[in-house]
Amino acid sequence: MRIGVLGTGNMADALAGHWVRAGHQVTIGGRDIGRAERLAARIGGGARAAGPRAAAESGPVVLAALPFGAGTQVARELRAALDGKVLIDCSNPVGAGFRLLTEGGPSAARQLAAAAPGAHVVKAFNLCHEDVWRMRPPVFDGRPLAVPVCGDDETALARVRRLVRDAGCEPLAAGGLERAGLLEATAALYIALWVGAGADVRAMAPPPAYAAGPRP
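Remember, predicted model here, so these are calculated numbers, not experimental data.

Parameters at a glance
- Residues numbered from 1 in each chain as written.
- Predicted model: local features only at pLDDT ≥ 70, side-chain atom pairs only at ≥ 80, totals over all residues.
- Heavy atoms only, no water.
- Helix = DSSP H or I, 4+ residues; strand = E, 2+ residues; numbered from the N terminus.
- Rg over C-alpha atoms; globule rule 2.2 N^0.38 Å.
- Areas by Shrake-Rupley, 256 points an atom, 1.4 Å probe, with all protein chains shown as cover.
- Lys, Arg positive; Asp, Glu negative; His and termini not counted.
- Charge placed at Lys NZ, Arg CZ, Asp CG, Glu CD.
- Core = buried A, V, L, I, M, F, W, Y, C linked by side-chain atoms within 4.5 Å.
- Buried < 20%, exposed > 50% of the residue type's maximum accessible area, 1.4 Å probe, protein only.
- Contact = heavy atoms within 4.5 Å.
- 1 Å grid on protein atoms, 1.4 Å probe; cavity = no way out; pocket = protein on both sides within 12 Å on 5 of 7 lines; lining within 4 Å.
- Points joined across faces, edges and corners; volume = space filled by probe spheres on them.
- Nonpolar A, V, L, I, M, F, W, Y, C, P; charged D, E, K, R; others polar.
- Pairing = 2+ DSSP bridges.
- Axes fitted to C-alpha atoms, helices over the stretch in contact; angles between N-to-C directions.
- Right-handed = clockwise from strand over helix to strand, strands pointing away.
- Patch = residues over 30% accessible without salt bridge, like charges linked within 9 Å, V, L, I, M, F, W, Y side chains within 5 Å.
- Salt bridge = Lys/Arg side-chain N within 4 Å of Asp/Glu carboxyl O.
- Phe/Tyr/Trp six-rings, centres within 6.5 Å; stacked < 30°, edge-to-face > 60°.
- Arc of directions from axis to C-beta.

(A) Summary view of the overall build of the protein chain. When you go through the protein chain residue by residue, the secondary structure sums to eight helices and 10 strands. Radius of gyration (C-alpha) of the protein chain: 17 Å, near the 17 Å computed for a compact globule of 216 residues. Counting only C-alpha atoms and orienting by the principal axes, one finds that the protein chain spans roughly 60 × 40 × 35 Å. Carbon and sulfur atoms form 53% of the exposed surface of the protein chain, whose accessible area is close to 10,600 Å². Here the protein chain carries 24 positive and 19 negative side-chain charges, and the mean point of each set is 2 Å from the other.

Here it is in C-alpha coordinates:
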(Lines give C-alpha, C1' and ligand atoms only; values in the text may rest on other atoms or scores of the structure.)
Protein backbone atom coordinates (compact mmCIF):
# COMPACT_ATOMS: atom_id res chain seq x y z
CA MET A 1 0.00 0.00 0.00
CA ARG A 2 1.21 3.52 -0.74
CA ILE A 3 0.90 5.77 2.31
CA GLY A 4 1.50 9.49 2.63
CA VAL A 5 2.42 10.89 6.03
CA LEU A 6 1.77 14.54 6.85
CA GLY A 7 4.20 15.55 9.57
CA THR A 8 7.72 14.76 10.70
CA GLY A 9 7.22 14.32 14.44
CA ASN A 10 7.14 11.38 16.82
CA MET A 11 3.86 9.82 15.67
CA ALA A 12 4.96 10.00 12.05
CA ASP A 13 8.20 8.27 13.01
CA ALA A 14 6.58 5.57 15.15
CA LEU A 15 3.76 4.54 12.83
CA ALA A 16 5.58 4.90 9.52
CA GLY A 17 8.33 2.66 10.85
CA HIS A 18 5.87 -0.19 11.38
CA TRP A 19 4.36 0.25 7.96
CA VAL A 20 7.67 0.32 6.13
CA ARG A 21 8.71 -2.90 7.88
CA ALA A 22 5.40 -4.42 6.75
CA GLY A 23 6.31 -3.65 3.14
CA HIS A 24 4.30 -0.50 2.50
CA GLN A 25 5.63 2.41 0.44
CA VAL A 26 5.76 5.49 2.66
CA THR A 27 6.22 9.13 1.67
CA ILE A 28 7.02 11.55 4.49
CA GLY A 29 5.63 14.99 3.81
CA GLY A 30 6.89 18.07 5.60
CA ARG A 31 7.15 21.79 5.00
CA ASP A 32 10.77 21.50 6.17
CA ILE A 33 12.10 19.13 3.50
CA GLY A 34 15.33 18.64 5.45
CA ARG A 35 13.42 17.22 8.43
CA ALA A 36 11.37 15.05 6.11
CA GLU A 37 14.54 13.71 4.50
CA ARG A 38 16.12 12.93 7.88
CA LEU A 39 13.02 11.10 9.06
CA ALA A 40 12.74 9.12 5.82
CA ALA A 41 16.41 8.14 6.13
CA ARG A 42 15.94 7.07 9.75
CA ILE A 43 12.87 4.98 8.89
CA GLY A 44 14.62 3.40 5.91
CA GLY A 45 12.95 0.71 3.85
CA GLY A 46 12.62 2.91 0.81
CA ALA A 47 10.73 5.69 2.60
CA ARG A 48 11.07 8.94 0.71
CA ALA A 49 10.66 12.61 1.55
CA ALA A 50 8.46 15.16 -0.19
CA GLY A 51 6.44 18.26 0.43
CA PRO A 52 2.98 17.95 2.02
CA ARG A 53 1.07 18.05 -1.26
CA ALA A 54 3.21 15.39 -2.90
CA ALA A 55 2.82 13.18 0.18
CA ALA A 56 -0.96 13.62 0.11
CA GLU A 57 -1.00 12.67 -3.56
CA SER A 58 1.34 9.68 -3.16
CA GLY A 59 -1.22 7.00 -2.34
CA PRO A 60 -4.74 6.10 -1.23
CA VAL A 61 -4.00 6.44 2.50
CA VAL A 62 -2.74 9.53 4.30
CA LEU A 63 -1.78 9.79 7.97
CA ALA A 64 -2.30 13.24 9.49
CA ALA A 65 0.43 13.06 12.15
CA LEU A 66 -0.05 16.68 13.13
CA PRO A 67 -1.04 18.52 16.32
CA PHE A 68 -4.67 19.44 16.85
CA GLY A 69 -5.44 22.58 14.87
CA ALA A 70 -2.46 22.26 12.55
CA GLY A 71 -4.02 19.18 10.96
CA THR A 72 -7.17 21.08 10.09
CA GLN A 73 -5.21 23.90 8.52
CA VAL A 74 -3.09 21.55 6.43
CA ALA A 75 -6.13 19.50 5.38
CA ARG A 76 -7.87 22.67 4.24
CA GLU A 77 -4.85 23.62 2.12
CA LEU A 78 -4.65 20.11 0.62
CA ARG A 79 -8.36 19.39 0.30
CA ALA A 80 -8.19 18.74 -3.44
CA ALA A 81 -5.23 16.36 -3.06
CA LEU A 82 -7.05 14.52 -0.25
CA ASP A 83 -10.23 13.97 -2.24
CA GLY A 84 -11.16 10.28 -2.12
CA LYS A 85 -8.27 9.41 0.21
CA VAL A 86 -8.38 7.60 3.54
CA LEU A 87 -7.28 10.25 6.04
CA ILE A 88 -6.18 8.88 9.44
CA ASP A 89 -6.46 11.25 12.39
CA CYS A 90 -4.34 10.34 15.43
CA SER A 91 -4.48 13.75 17.11
CA ASN A 92 -5.63 14.53 20.63
CA PRO A 93 -7.21 17.93 21.36
CA VAL A 94 -5.87 18.06 24.91
CA GLY A 95 -4.60 21.32 26.42
CA ALA A 96 -3.22 22.64 29.67
CA GLY A 97 -4.62 20.95 32.73
CA PHE A 98 -5.55 17.95 30.56
CA ARG A 99 -8.54 19.92 29.29
CA LEU A 100 -10.44 18.67 26.24
CA LEU A 101 -10.14 21.57 23.80
CA THR A 102 -13.14 20.50 21.72
CA GLU A 103 -15.61 20.31 24.62
CA GLY A 104 -18.98 21.58 23.45
CA GLY A 105 -18.00 21.49 19.77
CA PRO A 106 -17.12 19.05 17.00
CA SER A 107 -14.36 16.53 17.59
CA ALA A 108 -10.90 16.96 16.09
CA ALA A 109 -11.75 14.20 13.61
CA ARG A 110 -14.98 15.94 12.57
CA GLN A 111 -13.08 19.21 12.12
CA LEU A 112 -10.57 17.40 9.91
CA ALA A 113 -13.41 15.91 7.87
CA ALA A 114 -14.96 19.37 7.43
CA ALA A 115 -11.62 20.76 6.23
CA ALA A 116 -11.25 17.97 3.63
CA PRO A 117 -14.85 16.96 2.84
CA GLY A 118 -13.85 14.63 0.03
CA ALA A 119 -11.65 12.49 2.28
CA HIS A 120 -12.73 9.47 4.32
CA VAL A 121 -11.54 10.36 7.82
CA VAL A 122 -10.81 7.54 10.26
CA LYS A 123 -9.91 8.10 13.92
CA ALA A 124 -7.26 5.71 15.24
CA PHE A 125 -3.94 5.50 17.12
CA ASN A 126 -4.80 8.30 19.57
CA LEU A 127 -4.94 6.55 22.95
CA CYS A 128 -1.24 5.87 23.57
CA HIS A 129 2.04 7.72 23.88
CA GLU A 130 4.23 7.63 20.78
CA ASP A 131 6.76 5.38 22.53
CA VAL A 132 4.09 2.69 22.84
CA TRP A 133 3.66 2.80 19.07
CA ARG A 134 7.42 2.34 18.69
CA MET A 135 7.26 -1.06 20.39
CA ARG A 136 7.84 -4.06 18.14
CA PRO A 137 5.08 -5.05 18.69
CA PRO A 138 2.94 -3.33 21.36
CA VAL A 139 2.10 -6.44 23.40
CA PHE A 140 1.28 -6.40 27.11
CA ASP A 141 0.92 -9.52 29.28
CA GLY A 142 0.88 -11.56 26.09
CA ARG A 143 -1.98 -9.60 24.50
CA PRO A 144 -1.55 -7.30 21.48
CA LEU A 145 -2.70 -3.74 22.09
CA ALA A 146 -6.30 -3.14 20.95
CA VAL A 147 -6.75 -0.01 18.82
CA PRO A 148 -10.25 1.51 18.61
CA VAL A 149 -11.08 2.66 15.08
CA CYS A 150 -13.92 5.07 14.17
CA GLY A 151 -15.08 5.87 10.66
CA ASP A 152 -18.01 5.90 8.25
CA ASP A 153 -16.59 4.32 5.08
CA GLU A 154 -16.13 0.54 5.13
CA THR A 155 -13.34 0.51 2.54
CA ALA A 156 -11.43 3.12 4.53
CA LEU A 157 -11.99 1.19 7.76
CA ALA A 158 -10.71 -2.03 6.15
CA ARG A 159 -7.50 -0.29 5.09
CA VAL A 160 -6.95 1.18 8.53
CA ARG A 161 -7.64 -2.16 10.21
CA ARG A 162 -4.91 -3.67 8.04
CA LEU A 163 -2.49 -0.93 9.09
CA VAL A 164 -3.38 -1.51 12.75
CA ARG A 165 -2.49 -5.19 12.34
CA ASP A 166 0.71 -4.26 10.51
CA ALA A 167 1.71 -2.32 13.64
CA GLY A 168 1.31 -5.52 15.66
CA CYS A 169 -2.02 -4.49 17.20
CA GLU A 170 -5.64 -5.60 17.00
CA PRO A 171 -8.29 -3.26 15.55
CA LEU A 172 -11.39 -2.69 17.63
CA ALA A 173 -14.56 -1.49 15.89
CA ALA A 174 -15.63 1.66 17.77
CA GLY A 175 -18.43 2.91 15.54
CA GLY A 176 -18.84 5.74 13.09
CA LEU A 177 -16.98 9.02 13.02
CA GLU A 178 -19.60 10.54 15.33
CA ARG A 179 -17.97 8.49 18.10
CA ALA A 180 -14.50 9.92 17.51
CA GLY A 181 -15.18 12.57 20.13
CA LEU A 182 -15.60 9.80 22.70
CA LEU A 183 -12.16 8.48 21.82
CA GLU A 184 -10.68 11.95 22.17
CA ALA A 185 -12.40 12.48 25.53
CA THR A 186 -11.13 9.07 26.65
CA ALA A 187 -7.60 10.12 25.73
CA ALA A 188 -7.97 13.32 27.77
CA LEU A 189 -9.15 11.31 30.79
CA TYR A 190 -6.45 8.67 30.40
CA ILE A 191 -3.69 11.25 30.09
CA ALA A 192 -4.96 13.07 33.19
CA LEU A 193 -4.98 9.83 35.16
CA TRP A 194 -1.72 8.39 33.80
CA VAL A 195 0.33 11.57 33.82
CA GLY A 196 -1.47 13.79 36.28
CA ALA A 197 -2.34 11.24 38.97
CA GLY A 198 0.03 8.35 38.24
CA ALA A 199 -2.99 6.02 38.19
CA ASP A 200 -3.35 2.69 36.40
CA VAL A 201 -6.38 3.15 34.15
CA ARG A 202 -6.55 -0.60 33.54
CA ALA A 203 -7.93 -0.95 37.06
CA MET A 204 -11.11 0.91 36.04
CA ALA A 205 -12.60 -1.86 33.90
CA PRO A 206 -13.73 -5.30 35.11
CA PRO A 207 -13.17 -8.44 32.99
CA PRO A 208 -15.57 -8.74 30.02
CA ALA A 209 -17.62 -11.41 31.80
CA TYR A 210 -18.61 -8.76 34.36
CA ALA A 211 -19.33 -5.93 31.91
CA ALA A 212 -23.09 -6.32 32.44
CA GLY A 213 -22.74 -7.06 36.14
CA PRO A 214 -21.95 -10.26 38.07
CA ARG A 215 -23.77 -13.33 36.88
CA PRO A 216 -26.07 -15.00 39.41
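(B) A look at the nonpolar core. With 37 residues, the main nonpolar core has V5, W19, I28, I88, F125 and W133 as its most contacted residues. It is helix α1 (residues 10–21) that contributes the most residues to this core, seven residues altogether. Discounting chain neighbours no more than four positions away, the residues touching I28 are V5, G7, T8, A16, A36, L39, A40, I43, R48, A49, A50 and A55. Counting 20 residues, the second largest nonpolar core, distinct from the first, contains V62, A64, L112 and A116.

(C) Broad picture of the environment of T72. Secondary-structure assignment places T72 in helix α4 (residues 70–77). Put simply, T72 and A114 are 42 residues apart on the chain and 8.4 Å apart in space, counted from C-alpha to C-alpha. With residues up to four places along the chain from it excluded, the contact list for T72 reads Q111, L112 and A115.

(D) Molecular detail of the layout of surface pockets. Estimated volume of the largest pocket: approximately 1,100 Å³. Lining of the largest pocket is provided by 31 residues; of these, R143, L145, A146, Y190 and R202 occupy positions nearest its centre. Those elements that provide at least two residues to the lining of the largest pocket are α6 (130–133), β8 (143–144), β9 (146–151), β10 (170–173) and α8 (180–196). Ranked by the residues each element gives to the lining of the largest pocket, the list is headed by α8, at five residues. Looking at the lining of the largest pocket residue by residue, the classes come out as 24 nonpolar, two polar and five charged. Put simply, the second largest pocket is a space of about 510 Å³. Secondary-structure elements contributing two or more residues to the lining of the second largest pocket are α1, α6 and α8. Looking at the lining of the second largest pocket, its residues break down into 14 nonpolar, six polar and one charged.

(E) Structural context of the sheet that holds strand β5 (residues 86–89). With mixed pairing, the eight strands of this open sheet are ordered in space as β3-β2-β1-β4-β5-β6-β9-β10. The open sheet is flanked by β3 (48–50) and β10, the only strands paired with a single partner. Averaged over neighbouring strand pairs, the angle between their axes works out to 30° when direction is ignored. Most of the contacts of helix α2 (residues 33–43) go to β3, to which it runs at about 165°, and overall it touches β2 (25–29) and β3. In this fold helix α5 (residues 108–115) packs onto β4 (61–64), β5 and β6 (120–123), with an angle of close to 165° to the strand it touches most, β6.

(F) Looking closely at the pairing of β9. Among the six residues that make up β9, five are buried, leaving the element largely enclosed by the rest of the structure. Read from β9 through helix α7 (residues 154–166) to β10, the crossover connection turns out right-handed.

(G) Focus on a nonpolar patch on the surface. Taken together, the side chains of F98, W194 and V195 present a nonpolar region at the surface, about 290 Å² in accessible area. Assignment of secondary structure puts W194 in helix α8.

(H) Region of interest: the packing of aromatic side chains. Taken as a whole, this structure holds three aromatic pairs when the rule is applied. Consider the rings of F125 and W133, whose centres lie 5.3 Å apart with planes at 80°: the pair is edge-to-face. A network of ring pairs unites the aromatic residues W19, F125 and W133 as a single cluster.

(I) Region of interest: α5. Taken residue by residue, α5 has A108, A109, L112 and A115 as its buried positions. For α5, the angular spread of the buried residues around the axis is 120°, confining them to a single face. Residues of α5 that are buried make contact with β4, α4, β5, β6 and α8.

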